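What follows is each chain in one-letter form.
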Amino acid sequence: MPSATVEDYIKQIYLVSEKVTSCEVPMGQVAEALGVVPGTATTMVKALSDAGLVLYAPRVGVQLTEPGRKLALHVLRRHRLIEQFLVEVLGFDWSEVHEEAEQMEHVVSDLLLERIDRYLGHPTVDPHGDPIPSAEGEMVHGAVETLVECPLNTVVSVARISDQDPNFLNYIAESGLNPGVRLQVRTRSMSAESVGIELSDTGSTLALGLGAAAKVQVSMVS
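Residues numbered from 1 in each chain as written. Predicted model: local features only at pLDDT ≥ 70, side-chain atom pairs only at ≥ 80, totals over all residues. Heavy atoms only, no water.

Enquirer: Any chance you could explain a nonpolar patch on the surface here in plain terms?
Expert: On the surface, Val89, Leu90 and Tyr119 cluster together to form a nonpolar patch covering roughly 320 Å² of accessible area. Mapping Leu90 onto the fold places it in the loop between helix 4 (66–88) and helix 5 (97–104). (Patch = residues over 30% accessible without salt bridge, like charges linked within 9 Å, V, L, I, M, F, W, Y side chains within 5 Å. Areas by Shrake-Rupley, 256 points an atom, 1.4 Å probe, with all protein chains shown as cover. Salt bridge = Lys/Arg side-chain N within 4 Å of Asp/Glu carboxyl O. Helix = DSSP H or I, 4+ residues; strand = E, 2+ residues; numbered from the N terminus.)

Enquirer: Would you take a moment to explain a negative patch on the surface for this structure?
Expert: On the surface, Asp93, Glu96, Glu99, Glu100 and Asp165 cluster together to form a negatively charged patch. Position of Glu96 among the secondary structure elements: in the loop between helix 4 and helix 5. (Lys, Arg positive; Asp, Glu negative; His and termini not counted. Charge placed at Lys NZ, Arg CZ, Asp CG, Glu CD.)

Enquirer: Would you take a moment to explain the sheet that holds strand 7 (residues 205–209) for this structure?
Expert: The strands making up a sheet associate through backbone hydrogen bonding, with each pair oriented either parallel or antiparallel. Strand order in this open sheet of six strands is 3-8-4-5-6-7, and the pairing throughout is antiparallel. Of all strands in the sheet, those bounded by a partner on one side alone are strand 3 (145–146) and strand 7. Both strand 5 (residues 182–189) and strand 6 (residues 194–199) contribute to a ladder of six bridges, which runs antiparallel. Note that in strand 6 the partner of Leu183 across the bridge is Leu199. (Pairing = 2+ DSSP bridges.)

Enquirer: Would you mind showing me how to read the nonpolar core here?
Expert: Note that soluble globular proteins tend to have their nonpolar side chains buried in a common cluster. One finds Ile10, Ile13, Tyr14, Val30, Leu48, Val54 and Val62 to be the most contacted residues of the largest nonpolar core, which totals 26 residues. At the level of elements, helix 1 (4–17), helix 2 (27–34), helix 3 (38–50), strand 2 (61–64) and helix 4 are the ones that each hand at least two residues to this core. Examining the composition of this core, we find that seven residues originate from one element, helix 1, more than from any other. Residue contacts for Ile13: discarding those within four places in its chain leaves Val25, Val30, Val45, Leu48, Val54, Val62 and Leu64. (Core = buried A, V, L, I, M, F, W, Y, C linked by side-chain atoms within 4.5 Å. Buried < 20%, exposed > 50% of the residue type's maximum accessible area, 1.4 Å probe, protein only. Contact = heavy atoms within 4.5 Å.)

Enquirer: Help me understand the pairing of strand 1 (residues 54–57) in this model?
Expert: The side chains of a regular strand alternate, residue by residue, between the two faces of the sheet. As paired strands, strand 1 and strand 2 are joined by four bridges and run antiparallel to one another. Among the inter-strand pairings, Val54 is bridged to a residue of strand 2, identified as Leu64. Hairpin connection of strand 1 to strand 2: three residues between the antiparallel strands, including Arg59 at a positive phi of 65 degrees.

Enquirer: How do you make sense of the pattern of salt bridges when you look at a structure like this?
Expert: Opposite charge on two side chains makes pairing possible when the charged atoms of those side chains draw close. Overall, the coordinates contain eight salt bridges when judged by the stated rule. Of the charged contacts, one joins Glu105 and Lys11 as a salt bridge, the two residues approaching to 2.9 Å between their closest N and O atoms. Highlighted residues: Glu105 in the loop between helix 5 and helix 6 (110–119) and Lys11 in helix 1, separated in sequence by 94 residues. Take Glu105 and Lys11: they sit in the same class, and that class is buried. Its salt-bridge partner being Arg77, residue Asp117 comes within 3.0 Å of it at the nearest N-O pair. In this pair, Asp117 sits in helix 6 while Arg77 sits in helix 4, placing the two residues 40 residues apart along the sequence. Like Arg77, Asp117 is buried.

Enquirer: I would appreciate a short explanation of the pairing of strand 5 in the present structure.
Expert: By the bridge criterion, two bridges tie strand 4 (residues 156–161) to strand 5 in an arrangement that is antiparallel. The partner of Val156 across the bridge, within strand 5, is Leu183. The antiparallel hairpin formed by strand 5 and strand 6 contains four residues in its connecting segment, where Glu193 sits at a positive phi of about 55 degrees.

Enquirer: Would you take a moment to explain the packing of helix 2 against helix 3 for this structure?
Expert: Geometrically, a packed helix pair is captured by the angle between its two axes and the distance between the axes. Relative to each other, helix 2 and helix 3 sit at 105 degrees, their axes nearing to 9 Å. The orientation of helix 2 with respect to helix 3, classified from their angle, is roughly perpendicular. Counted together, Met27, Val30 and Ala31 of helix 2 and Pro38, Ala41, Thr42 and Val45 of helix 3 form the full contact between these two elements. Among the residues making up the contact of helix 2 with helix 3, the classes are represented as six nonpolar, one polar and no charged. (Axes fitted to C-alpha atoms, helices over the stretch in contact; angles between N-to-C directions. Parallel < 35°, antiparallel > 145°, perpendicular 65-115°, else oblique. Nonpolar A, V, L, I, M, F, W, Y, C, P; charged D, E, K, R; others polar.)

Enquirer: Just checking my understanding: could you explain the side chain of Arg77 for this structure?
Expert: Looking at Arg77, the relative accessible area reads 4%, which means it is buried. Side chain to side chain, Arg77 and Asp117 meet in a polar contact 3.0 Å long. (Polar contact = N/O pair within 3.5 Å; in protein donor to acceptor, adjacent residues only side chain to side chain.)

Enquirer: Where do I start with the UniProt feature "domain: HTH dtxR-type" (unreviewed entry) in the chain in this structure?
Expert: Here, UniProt's "domain: HTH dtxR-type" (unreviewed entry) annotation points to residues 1–65. A helix fraction of 54% and a strand fraction of 12% characterise residues 1–65, whose end C-alpha atoms lie 18 Å from each other. (UniProt positions renumbered as here; feature names shortened; annotations may be inferred.)

Enquirer: When you look at the packing of helix 1 against helix 4 in this model, what are you seeing that I'm missing?
Expert: Their axes nearest at 9 Å, the elements helix 1 and helix 4 cross at an angle of 95 degrees. Classified by the interaxial angle, the pair formed by helix 1 and helix 4 is roughly perpendicular. In this structure, helix 1 uses Val6, Glu7, Ile10, Lys11, Tyr14 and Leu15 to contact helix 4, whose residues at the interface are Gly68, Arg69, Leu71, Ala72, Leu73, Val75, Leu76, Arg78, His79 and Arg80. Among the residues making up the contact of helix 1 with helix 4, the classes are represented as nine nonpolar, two polar and five charged.

So, in structure tokens, the structure goes:
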């Protein structure tokens, strides 16, 4: 079984790769995601390359091989099912489960994970709206846009919060932007770097900076 460090690196490379346009993930972004210096990240990535989990090109970046991708999705499946279990069964707040799942994802057995999946009714998204990979390693992404991109004066539903930082999640929760909440973007100013939002259920309004708004993904309400 891969070590927790190997799983952390593979998972973060996958997550960062979803946000970049190139095939390779720059090593600086890998190091930043893992909270280590670039030299430490490079040493580990070379070891992952020797193990056949990544392809590493000096001064270019790193990308997952097919075995690396399968491992990354397996770790993400563990993480996101644990988050859903903590919220749905144990009553944790959705904004506080990420750190707990970070610890538990490395120790839960496949047997226990499948029992959790069955107990929860095979959920397809976690409490933050992130898709849960299937047991076969398939990831299905729904059609979403951010609050920076979605149409004005159109009812949309919060589908996903892309930043897992606990402080940011607490801020989003306090703002009432939990996944599933319906809202309309009333104003958007690039010069003022702000997005004005009206929550459909309460009629209350709030303003978000463009940076925060870009991390809130929404889907159209049919």
